[in-house]
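# Chain and residue survey
Residue-level listing of the chains:
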Amino acid sequence: MVDLILTVCLTANPTDCREEHLYFESRGSLLQCMLLAPAEIAKWSSEHPTLKVVRWRCAFPDKERSI
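For the structure given in this document, a descriptive report is provided here. (Residues numbered from 1 in each chain as written. Predicted model: local features only at pLDDT ≥ 70, side-chain atom pairs only at ≥ 80, totals over all residues. Heavy atoms only, no water.)

### Thoughts on the overall build of the chain
Counting its regular elements, the chain contains 1 helix and 3 strands. Looking at the chain as a whole, 30% of its 67 residues qualify as buried. Put simply, 59% of the contacts in the chain that link residues at least 6 apart link residues at least 24 apart. Accessible area for the chain stands at about 4,700 Å²; split by element, carbon and sulfur atoms hold 54% of it. (Helix = DSSP H or I, 4+ residues; strand = E, 2+ residues; numbered from the N terminus. Buried < 20%, exposed > 50% of the residue type's maximum accessible area, 1.4 Å probe, protein only. Contact = heavy atoms within 4.5 Å. Areas by Shrake-Rupley, 256 points an atom, 1.4 Å probe, with all protein chains shown as cover.)

### Observations regarding helix α1 (residues 30-47)
Each turn of an α-helix holds 3.6 residues, which means side chains three or four residues apart point in the same direction. For α1, with 18 residues, the first-to-last C-alpha span of 24 Å sits near the 26 Å given by 1.5 Å per residue. The largest bend in α1 is about 45°, located at Leu 36, with the proline Pro 38 one to four residues further on. The elements touched by buried residues of α1 are β1 (2-10), β2 (17-24) and β3 (51-59). Structurally, the start of α1 carries an N-cap: the backbone nitrogen of Leu 31 is 3.2 Å from a side-chain oxygen of Ser 29. (Expected span 1.5 Å × (residues − 1). Bend = angle between axes of the 7 residues up to and from the residue. Polar contact = N/O pair within 3.5 Å; in protein donor to acceptor, adjacent residues only side chain to side chain.)

Have a look at this one:
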């Protein structure tokens, strides 16, 4: 599993931001995550029209975090 971490802000209030975590299988490669991320971000963005993705990154999930 790979963690796609989005920093999202409210469109109505751009200073109100938070992180969203999307988990998906990408053959365990962060490079693969980088290649798949734009499509996942577009899908997520279309499902959350009041939020704007301002930053994103790929990482391996924290061991303590439950998926």
